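# Tertiary structure, described
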Amino acid sequence: MEIKEAQEEVDKRIKDYGGYWEPLSMFARLAEEVGEVGRAMNLLYGGKRKKSENDGKELQEELADVFFTILAICNHMNIDLEKEFTSKNDKSHDKYKGV
């Protein structure tokens, strides 16, 4: 799936559920989801103690939640993320060598 297709799918789903939140509310949701990624990574790779065997296994789902929320923000602000990502990637190629 291309990023543009993902944006269209997110747009349809959000409209089916009543529409977009205000930008600051979406940013708060993004911060919450990033925190959940951090928690999962800390359980898997850091010092946080697991309470159950499944703790930390939701990392993939949390990353997908972050991506979904980013796409929602881009849709609401009329940002073509695929175009912007390609442009940024072309400009920053050397900057990120070895990352």
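To start, this report covers the structure provided alongside it. Think of each chain on its own: its residues are numbered from 1, step by step along the sequence as written. Note on the predicted model: pLDDT of at least 70 is required for a residue's local features to be given, and 80 or more for side-chain atom pairs to be given and counted; whole-chain, interface and lining totals, by contrast, use all residues. Derived side-chain values reflect all non-hydrogen atoms in the structure, with water molecules and hydrogen atoms excluded from consideration.

Once that is clear, we can look at helix α2 (residues 23-45). Secondary structure elements are defined from DSSP: runs of H or I of at least 4 residues count as helices, runs of E of at least 2 residues count as strands, and each element is numbered from the N terminus. For a helix, the expected span equals 1.5 Å multiplied by the residue count minus one. Helix length check: α2, at 23 residues, gives a terminal C-alpha distance of 32 Å against a target of 33 Å (1.5 Å per residue), a fit within 8%. The rule is simple: take the accessible area with a 1.4 Å probe, protein chains only, and divide by the maximum for that residue type; under 20% is buried, over 50% is exposed, in between is partly exposed. Every buried residue of α2 is listed here: M26, L30, E33, V37, A40 and L43. Contacts are residue-level and defined by heavy atoms, with any inter-residue pair within 4.5 Å sufficient. Against α3 (59-76) lie the buried residues of α2.

On the surface, E2, E5, E8 and E9 cluster together into a patch of negative charge. Within the element layout of this structure, E8 appears in helix α1 (residues 3-16). For patches, a residue must show more than 30% relative accessible area and have no salt bridge; joins then use 9 Å for like charges and 5 Å for nonpolar side chains, namely Val, Leu, Ile, Met, Phe, Trp and Tyr. Here, Shrake-Rupley sampling with a 1.4 Å probe gives the accessible areas, and only protein chains in the shown set may cover a residue. Salt bridges, as used here, are contacts in which a Lys or Arg side-chain nitrogen is within 4 Å of a carboxyl oxygen on Asp or Glu. Charged residues are defined narrowly, with Lys and Arg counted positive, Asp and Glu counted negative, and His plus the chain ends left uncounted. All charge positions are set by atom: Lys at NZ, Arg at CZ, Asp at CG, Glu at CD.

Here the focus is α1. The first and last C-alpha atoms of α1 sit 20 Å apart over 14 residues, in line with the 20 Å expected at 1.5 Å per residue. Next to the buried residues of α1 lie α3 and α4 (81-92). G18 occupies a position one or two residues after α1 and carries a positive phi of about 115°.

A few words on the nonpolar core. V10, L71 and A72 are the most contacted members of the largest nonpolar core, which has 14 residues in total. Those residues in contact with V10, other than ones at most four positions away along the chain, are F68, L71, A72 and N75. The nonpolar core is taken to be a set of buried Ala, Val, Leu, Ile, Met, Phe, Trp, Tyr and Cys residues, with the residues joined through side-chain atoms within 4.5 Å.

All chains considered together, the criterion is met by five salt bridges. Here R39 and E58 are joined by a salt bridge, their closest N and O atoms 3.5 Å apart. Highlighted residues: R39 in helix α2 and E58 in the loop between α2 and α3, separated in sequence by 19 residues. Looking at R39, the relative accessible area reads 35%, which means it is partly exposed. Look at E58 and you get buried, because its relative accessible area is 18%.

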